[in-house]
Amino acid sequence: DVKVTQSSRYLVKRTGEKVFLECVQDMDHENMFWYRQDPGLGLRLIYFSYDVKMKEKGDIPEGYSVSREKKERFSLILESASTNQTSMYLCASRRTGTDTQYFGPGTRLTVL
Amino acid sequence: KNQVEQSPQSLIILEGKNCTLQCNYTVSPFSNLRWYKQDTGRGPVSLTIMTFSENTKSNGRYTATLDADTKQSSLHITASQLSDSASYICVVTYNTNAGKSTFGDGTTLTVKP
């Protein structure tokens, strides 16, 4: 079974702090994704990566950056957290040539 | 603008009953449509996937239908169980290679004993 893990289930940070959300997958998938999930808005793609050191902006990249130094790890960075970044963050991975994305359990981030 | 709309927003049914969830989309071009189940506090898990040429797909007690002409899909759950209580999300992919999909907001299903 594919396993996608996220470093924290719950996180509370203060406005202006730098926040790192880590995601690791164990199935050698080339593609990895970061989404945020908000009531009434569904899941929205922040960034995705199709290979090591490669990244593409999703639909809502503003205020976020990402890092993919190793194939199994995809990090989401909030350089200066703001209250409107309070959300559920979901990481996913997918093997190239297939359609199925496998999601992690999510990190619920609260920015005070 | 690509959109996926799901109805109802929430639904409560008794254990053993059937139910149908709806998904309407305006996503173009169309690559595939997938239904996910998301348990509370967990990430979504794929239930079914359908391409343009498929109009029905089953996974146990879950049956999804697709009408590509009217751009509608439904998820039918038969003989519901307490463990079916979850959010069901409809997702339409328009660019598989780029990982581009539009997600619906989900229908929250509660199954009561």
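This is a predicted model, so every value here is computed, not measured. (Residues numbered from 1 in each chain as written. Chains lettered and ligands numbered in written order. Predicted model: local features only at pLDDT ≥ 70, side-chain atom pairs only at ≥ 80, totals over all residues. Heavy atoms only, no water.)

Right, let's talk about the side chain of Q101 of chain A for a bit. Residue and element names in this part refer to chain A. Along the chain, Q101 falls in the loop between β9 (87–94) and β10 (102–103). Take Q101: its relative accessible area is 7%, and that puts it in the buried class. A polar atom in the side chain of Q101 sits 2.9 Å from the side chain of Y35. (Helix = DSSP H or I, 4+ residues; strand = E, 2+ residues; numbered from the N terminus. Buried < 20%, exposed > 50% of the residue type's maximum accessible area, 1.4 Å probe, protein only. Polar contact = N/O pair within 3.5 Å; in protein donor to acceptor, adjacent residues only side chain to side chain.)

Before going further, it helps to examine the pattern of salt bridges. Tallied over the entire structure, the rule returns nine salt bridges over all chains. A salt bridge links D28 of chain A to K71 of chain A, with the shortest nitrogen-to-oxygen separation between them at 3.2 Å. Of this pair, D28 of chain A sits in the loop between β3 (19–25) and β4 (31–38) while K71 of chain A sits in the loop between β7 (65–70) and β8 (73–78), placing them 43 residues apart in sequence. By relative accessible area, K71 of chain A is classed as partly exposed at 25%. Measuring nitrogen to oxygen at the nearest pair gives 2.8 Å for the salt bridge that ties D84 of chain B to R61 of chain B. Placement of D84 of chain B in the loop between β8 (72–77) and β9 (86–95) and of R61 of chain B in the loop between β6 (56–59) and β7 (62–67) is noted, with a sequence separation of 23 residues between them. (Salt bridge = Lys/Arg side-chain N within 4 Å of Asp/Glu carboxyl O.)

Here we take up the nonpolar core. With 23 residues, the main nonpolar core has V4, Y25, L33, W35, L75, Y88 and L109 of chain B as its most contacted residues. Sequence-distant contacts of Y25 of chain B, that is, excluding residues within four places in its chain, are made with Q3, V4, F30, L33, L66, D67, A68, K71, Q72 and V92 of chain B. Counting 20 residues, the second-largest nonpolar core is a separate cluster that includes V19, I60, Y64 and L76 of chain A. (Core = buried A, V, L, I, M, F, W, Y, C linked by side-chain atoms within 4.5 Å. Contact = heavy atoms within 4.5 Å.)

It is worth spelling out the interface of chain A and chain B at this point. Each side of the interface is counted separately: chain A has 23 residues, and chain B has 20 residues. Both sides together, the interface formed by chain A and chain B hides about 1,500 Å², and carbon and sulfur atoms give 48% of it. Three residues stand out in chain A for area buried against chain B, namely L43, D99 and F103 of chain A, and they jointly supply 30% of the buried area on that side. One can count zero salt bridges joining chain A with chain B. At the level of secondary structure, the elements contributing two or more residues to the side of chain A that touches chain B comprise β4, β5 (42–51) and β9 of chain A. Classifying every residue of the side of chain A that touches chain B gives 10 nonpolar, seven polar and six charged. (Buried area = accessible area lost by both parts, 1.4 Å probe. Nonpolar A, V, L, I, M, F, W, Y, C, P; charged D, E, K, R; others polar.)

Unoccupied space between atoms shows up once a probe the size of one water molecule is rolled over them. A volume near 570 Å³ is recorded for the largest pocket. In this structure, the largest pocket is lined by 30 residues; those nearest its centre are Q37 and R108 of chain A together with Q38, S87 and T108 of chain B. At the level of secondary structure, the elements contributing two or more residues to the lining of the largest pocket comprise β4, β5 and β9 of chain A together with β9 and β11 (107–112) of chain B. Looking at the lining of the largest pocket residue by residue, the classes come out as eight nonpolar, 16 polar and six charged. Around the second largest pocket, the lining comprises 17 residues; the ones closest to its centre are L41 of chain A together with K1, N2, T102 and F103 of chain B. (1 Å grid on protein atoms, 1.4 Å probe; cavity = no way out; pocket = protein on both sides within 12 Å on 5 of 7 lines; lining within 4 Å. Points joined across faces, edges and corners; volume = space filled by probe spheres on them.)

Moving on to the sheet that holds β8 of chain A. All names here are of chain A. Pairing within the open sheet is antiparallel, and its four strands lie in the order β1-β3-β8-β7. Edge strands, defined here as strands with exactly one partner in the open sheet, are β1 (4–6) and β7. The average angle at which neighbouring strand axes cross in this sheet is 20 degrees, direction not considered. Both β1 and β3 contribute to a ladder of three bridges, which runs antiparallel. The partner of V4 across the bridge, within β3, is Q25. (Pairing = 2+ DSSP bridges. Axes fitted to C-alpha atoms, helices over the stretch in contact; angles between N-to-C directions.)

Throughout the structure, instances matching the rule amount to nine aromatic pairs over all chains. Geometrically, the ring pair formed by Y35 of chain A and F103 of chain B is edge-to-face, given 5.0 Å between the ring centres and 70 degrees between the ring planes. With Y35 of chain A in strand β4 and F103 of chain B in strand β10 (residues 100–103), this pair bridges two chains. For the pair shown, Y35 of chain A and F103 of chain B are each scored as buried. Taking 6.1 Å as the distance between ring centres and 45 degrees as the angle between the ring planes, the aromatic pair formed by Y62 of chain B and Y88 of chain B counts as tilted. Of the two residues, Y62 of chain B sits in strand β7 while Y88 of chain B sits in strand β9, which places them 26 residues apart along the sequence. Residue Y62 of chain B is classed as buried on the basis of its relative accessible area, which comes to 9%. Y88 of chain B sits in the buried class, given a relative accessible area of 0%. (Phe/Tyr/Trp six-rings, centres within 6.5 Å; stacked < 30°, edge-to-face > 60°.)

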